[in-house]
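Coordinates in review
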Amino acid sequence: MRRLVCLLVLMGLVLPALAAPPTPSTPPRRTHLQRAVRLAATRNTRDLGGLPTRDGFVRTGLVYRSGALCFLTEADVATVQALKLSTVLELRVDSEIHKDGPDRLALTSSIPHHLRLPMSSSRGRGAEAYRVLLVENRQAIRGFFELLANRHSLPLLFHCSAGKDRTGVLTALLLESLGTPREVILDDYMQSVRNSPGLVVHPEWLEVVFQAVDGAGGIGTFLESKGVPASVREAVRQNIEEPVER
């Protein structure tokens with residue numbers, strides 16, 4: 001009995017350590033609290049600024065990810081307008097917009113560009129849906145990177161409905177292209193459930209994205225297959241990366 005108790009105590013000490021995410025060699029410059037954009041209508045809005053890249057960090061105040069903006073309060077609209085966005089990119093499909101309504105920003109704000117690149121998966125759930133998302137949304141992936149390559153599109157906020165799946169896939173591809181450590185990409189992905197405990201995300205779902213990238217021979221080859229050439233990827237890097245001398 002005593003041996004069993006000791007074993008259970010040992011497991012209680014060891015298993016949490018095994019489950020903890022690895023510490024990145026280059027930690028984010030800003031905490032998730034510093035990157036958060038506080039809105040009443042959605043808890044899942046945040047700046048990617050401060051996340052590490054291969055040669056520095058993502059510039060602050062240029063690229064934001066979010067959940068849907070259809071339920072924004074007047075105070076929320078004012079908060080988002082203060083970000084001085086140039087572009088809001090909508091990833092929701094027609095049925096979602098018909099169900100929940102259009103972005104309030106498109107109706108009430110002076111943000112210059114409100115664009116849509118509908119993104120969907122025709123089958124599956126969870127990891128399978130992610131695999132299909134990567135196959136079926138060449139236009140959305142290409143268009144997303146083309147917008148980021150155009151400095152006049154920045155600052156840019158992109159969102160789907162909950163801000164975790166389609167938004168999470170595009171965020172992972174962007175950060176992967178910038179050389180962000182995968183443990184940091186995964187941590188940002190899992191931030192969605194820390195922001196909103198009712199949301200469902202699993203690390204193995206995002207692993208599908210990494211597997212697709214590796215299976216293609218790397219992020220460059222993967223994005224080439226989606227119509228994103230090296231020139232566009234370099235323009236994105238020039239626009240949103242803050243290099244740091246080593």
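Focus on helix H7 (residues 138–149)
Along its 12 residues, H7 runs 17 Å from first to last C-alpha, staying within 8% of the 16 Å computed at 1.5 Å per residue. Among all positions of H7, only Ala140, Ile141, Gly143, Phe144, Phe145, Leu147 and Leu148 are buried.

Brief notes about the layout of surface pockets
There is about 360 Å³ of room inside the largest pocket. Lining the largest pocket we find 17 residues, and of these Gly126, Ala129, Tyr130, Lys164 and Asp165 sit closest to its centre. Here the lining of the largest pocket gets three residues from one element, more than from any other, and that element is helix H6 (residues 127–136). Here the lining of the largest pocket is built from residues that sort into seven nonpolar, five polar and five charged.

Here we look at the sheet that holds strand E4 (residues 87–90)
In spatial order, the strands read E1-E3-E6-E4-E5; together these five strands make up an open sheet with mixed pairing. Strands with a single pairing partner mark the edges of an open sheet, and in this sheet they are strand E1 (46–47) and strand E5 (113–116).

Structural notes on the nonpolar core
Counting residues in hydrophobic clusters, the biggest one holds 48 residues, and the most contacted among them are Phe145, Leu173 and Leu174. Of all the elements in the fold, those that place two or more residues in this core are H6, H7, strand E6 (156–159), helix H8 (166–177), helix H9 (182–195), helix H10 (203–216), helix H11 (219–225) and helix H12 (230–240). If we ignore the near neighbours within four places in the chain, the residues touching Phe145 are Leu173, Leu174, Ser177, Leu223, Val228, Val232 and Val236.

Looking at unusual backbone geometry
Each neighbour pair has its own omega, and for Leu154 with Pro155 the value is 0°, a cis peptide bond. For Pro155, the position within the fold is in the loop between H7 and E6. Unlike most non-glycine residues, Lys84 shows phi in positive territory, near 60°. Here Lys84 shows up in the loop between helix H3 (74–81) and E4.

Quick word on the side chain of Asp47
With respect to the secondary-structure elements, Asp47 resides in strand E1. Residue class for Asp47 comes out buried when judged on its relative accessible area of 3%. Polar contacts involving the side chain of Asp47 include one to the side chain of Arg30, which spans 3.2 Å. Sequence-distant contacts of Asp47, that is, excluding residues within four places in its chain, are made with Arg30, Arg35, Arg59, Thr60, Gly61, Leu62, Val63 and Tyr64.

Procedures and definitions
- Along each chain, the written sequence defines residue order, and numbers are assigned to residues from 1.
- Per-residue local features of the predicted model are confined to residues with pLDDT of at least 70, and side-chain atom pairs are confined, for both listing and counting, to 80 or more; whole-chain, interface and lining totals are unaffected and use all residues.
- Values reported for side chains reflect all heavy atoms of the structure, with hydrogen atoms and water molecules removed beforehand.
- By definition, any uninterrupted DSSP run of H or I lasting at least four residues is a helix, any uninterrupted run of E lasting at least two residues is a strand, and each is numbered from the N terminus.
- Between the first and last residue of a helix there are one fewer steps than residues, each counted as 1.5 Å, and that sum is the expected span.
- The buried label applies to any residue whose accessible area, calculated with a 1.4 Å probe on protein chains only, is under 20% of its type's maximum; exposed applies above 50%, and partly exposed to all values in between.
- Definitions used throughout: a 1 Å grid over protein atoms alone; a cavity as a set of points that fits a 1.4 Å probe which cannot get out; a pocket as an open set with protein on both sides within 12 Å along at least five of seven lines; a lining residue as one with an atom within 4 Å of a point.
- Grid points are joined across faces, edges and corners, and a volume is the space filled by probe spheres set on the points.
- Under the grouping applied here, Gly and all other residues not named as nonpolar or charged are polar, the nonpolar ones being Ala, Val, Leu, Ile, Met, Phe, Trp, Tyr, Cys and Pro and the charged ones Asp, Glu, Lys and Arg.
- One bridge is not enough; two strands pair if DSSP finds at least two bridges between them.
- The term nonpolar core refers to a set of buried residues drawn from Ala, Val, Leu, Ile, Met, Phe, Trp, Tyr and Cys, joined through side-chain atoms within 4.5 Å.
- Here a residue-residue contact requires only that any non-hydrogen atoms of the pair lie within 4.5 Å.
- We define a polar contact as two N or O atoms separated by no more than 3.5 Å, with the added condition that, inside protein, one atom must be a possible hydrogen donor and the other a possible acceptor, whereas residues neighbouring each other in sequence contribute only through side-chain atom pairs.

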